[in-house]
Amino acid sequence: MAVKAYRVRRVLGRIGLGLSVIALISPAILVFLWMLSLSLKNEVDNMAYPPVFIPAPPTLANFVDVFEKNDFLNYTYNSVIVSFTATGLALLLGVPAGFGIAKSRATRVAALIMIARVTPGLSYLIPLFLLFQWLGLTGTLTPIVITHLVITVPIVVWIMIGFFEGLPPELEEAALVDGATIWQAFRYISMPLARPGITVAMILAFIFSWNNFIFGVVLAGRETRTLPVAVYNVLTFEQVSWGPLAAAALLVTAPVLLLTLLVQKEIVAGLTAGGVKGG
């Protein structure tokens, strides 16, 4: 009887967990499906009442319209350059910084990194804009890459602090006893062991850089816009063309969505390690 009751509670617990997960993710799924529906319908169906959810027939004209009326390939190139460069520089700076903070147990520095991470990017925008304007760099990709480091470096540092704190210190101590320098211990011992954390940090930094809007809309020129800014430019003062707008949004979201689905387990592991062990 006790075993049967335990099994019933276990099944009910799983059902409750499943329903809770569905309740949490259903708004996001419904929004995505509605955006997909808008992108596959003509403007007559998009403005119809009652709303038409399933296109009959579906059309790809909105996607064609996005590429014909906007330089989307150039904007994609800009986003790739900015995101990969910002992510690479963040790893170059953030991985050694995370190692140093973790091994020196600099909790105040770790707290400062967290403050920098949660501070809205808009707080940095005005002084950075004035600086880049004085240097004559506005309208190029350089200031966008530099400002994205405000986002990517704290992410990398915070995640790497958690991973480096979780490594056995005996391995590094043994390397130091054998005559290795602290840099050699970091390069040949700690970095290979922290490779999963570096992978997670790289993925999260890339996602946040790819999705950033505020820095691009202020600092970018006509030819240096990134994809999130390009979606904003689909809007016009005359009317809102929901079909092309939804198609453009899907084109921006698709790479990040696919990347997130492919590496979701690694992302969860990285967030857990950085949140529990960091600082």
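Sequence positions are assigned chain by chain, starting from 1 and proceeding in written order. It should be noted that, the model being predicted, local features are given only for residues of pLDDT at least 70 and side-chain atom pairs only at 80 or more, the latter also being counted only at that level, while totals for whole chains, interfaces and linings use all residues. Heavy atoms from the whole structure form the basis of all side-chain values; hydrogens and water molecules are not counted.

(A) Focus on the overall build of the protein. Tallying secondary structure elements over the protein gives 14 helices and zero strands in all. Under the DSSP-based scheme used, a helix requires at least four consecutive residues in state H or I and a strand at least two consecutive residues in state E, with every element numbered from the N terminus. Listing each helix as α and each strand as β along the protein from the N terminus yields α-α-α-α-α-α-α-α-α-α-α-α-α-α. Each of the 279 residues in the protein was classed as buried or not, and the buried ones make up 37%. Note on contacts: a residue pair is in contact if any heavy atoms of the two residues lie within 4.5 Å. The long-range share in the protein, meaning contacts at least 24 apart out of those at least 6 apart in sequence, stands at 74%. Surface exposure here means Shrake-Rupley accessible area, sampled with a 1.4 Å probe, where a residue is shielded only by the protein chains that are shown. Surface exposure of the protein reaches about 16500 Å², of which carbon and sulfur atoms provide 71%. Three exposure classes are used, based on accessible area relative to the maximum for each residue type with a 1.4 Å probe and protein chains only: buried under 20%, partly exposed in between, and exposed over 50%.

(B) Geometry of the environment of G98. Here G98 shows up in helix α4 (residues 72-104). Overall, the relative accessible area of 0% leaves G98 in the buried class. A C-alpha to C-alpha distance of 7.8 Å links G98 and I159, two positions 61 residues apart in sequence. With sequence-adjacent residues up to four places away left out, G98 is seen in contact with V157, M160, I161 and F164.

(C) The packing of aromatic side chains, seen in detail. When the centres of two rings from Phe, Tyr and Trp lie within 6.5 Å, Trp using its six-membered ring, the rings pair. Their planes under 30 degrees apart give stacked, over 60 give edge-to-face, and anything left gives tilted. Evaluation of the coordinates by the stated rule reveals six aromatic pairs. With a centroid separation of 4.8 Å and an interplanar angle of 45 degrees, the aromatic rings of F99 and F186 are classed as tilted. Pair noted here: F99 is in helix α4 and F186 is in helix α9 (residues 182-193), with a separation of 87 residues, a long-range link. Since its relative accessible area comes to 7%, F99 is described here as buried. We classify F186 as buried; its relative accessible area is 2%. Geometrically, the ring pair formed by F206 and W210 is tilted, given 5.7 Å between the ring centres and 35 degrees between the ring planes. Highlighted residues: F206 and W210, both in helix α10 (residues 195-211), separated by four residues, approximately one helical turn. W210 shares its class with F206; the two are buried. Taken together through their ring pairs, the aromatic side chains of F99, F164, W183 and F186 make up a single cluster.

(D) Region of interest: the side chain of S83. Among the secondary structure elements, S83 is positioned in helix α4. A distance of 3.5 Å separates a polar side-chain atom of S83 from the backbone nitrogen of W210. Dropping the residues within four chain positions of it, S83 is found in contact with F206, S209 and W210. Any N or O atom pair separated by 3.5 Å or less is treated as a polar contact, with the protein-specific requirement of one donor-capable and one acceptor-capable atom, and with residues adjacent in sequence counted only for side-chain atom pairs.

(E) Representation of helix α13 (residues 242-262) within the structure. For α13, with 21 residues, the first-to-last C-alpha span of 29 Å sits near the 30 Å given by 1.5 Å per residue. At T253, α13 shows its maximal kink, close to 35 degrees; a proline, P255, follows between one and four residues later. Along α13, the positions that sit buried rather than exposed are G243, P244, L245, A246, A247, A248, A249, L250, V252 and V256. By this rule the span expected of a helix is its residue count minus one, scaled by 1.5 Å. Each residue is assigned a bend, namely the angle between axes fitted to the seven residues that terminate at it and the seven residues that start at it.

(F) Focus on the nonpolar core. To qualify as a nonpolar core, a set must consist of buried Ala, Val, Leu, Ile, Met, Phe, Trp, Tyr and Cys residues joined through side-chain atoms within 4.5 Å. Counting residues in each nonpolar core, the largest one holds 30 residues, and the members touching the most others are V95, V156, I159, M160, I161 and F164. Within the residue set of this core, elements represented by two or more residues are α4, α5 (107-118), α7 (141-165) and α10. With twelve residues, α7 is the largest single contributor of residues to this core. Counting residues in each nonpolar core, the second largest holds 22 residues, with F63, A230, L245 and V256 among its members.

(G) Fine view of the confidence of the model for the protein. The pLDDT averaged across the protein works out to 79; a share of 89% of its residues lies at or above 70. Across the protein, element-level confidence peaks in α4 with a mean pLDDT of 88 and bottoms out in helix α14 (residues 264-277) with 58. The predictor's confidence in any single residue is recorded as pLDDT, a number from 0 to 100. Of the regions scoring below 50 in pLDDT, residues 274-279 engages in 17 contacts with residues more than four places distant in sequence or in other chains.

(H) Layout of the side chain of H148. In this fold, H148 is placed in helix α7. Residue H148 is classed as buried on the basis of its relative accessible area of 3%.

(I) Inspection of the packing of α5 against α7 at higher detail. The N-to-C vectors of α5 and α7 enclose an angle of 140 degrees; their axes lie 9 Å apart at closest approach. With respect to α7, the axis of α5 lies oblique. When you trace α5 past α7, the crossing you get is left-handed. Of α7, the residues touching α5 (which contributes A110, I113, M114, A116 and R117) are I151, P154, I155, V157, W158 and I161. Here the residues of the contact of α5 with α7 are counted per class, giving ten nonpolar, no polar and one charged. Fitted lines through C-alpha atoms give the axes, limited to the stretch in contact for helices. The angle between two N-to-C directions lies from 0 to 180 degrees. Note on angle classes: values under 35 degrees are labelled roughly parallel, values over 145 roughly antiparallel, values of 65 to 115 roughly perpendicular, and the remainder oblique. Throughout, a crossing is termed right-handed when the near helix is turned clockwise from the far one, and left-handed when it is turned anticlockwise from it by less than a right angle. Under the scheme applied here, ten amino acids are nonpolar (Ala, Val, Leu, Ile, Met, Phe, Trp, Tyr, Cys and Pro), four are charged (Asp, Glu, Lys and Arg), and all others, including Gly, are polar.

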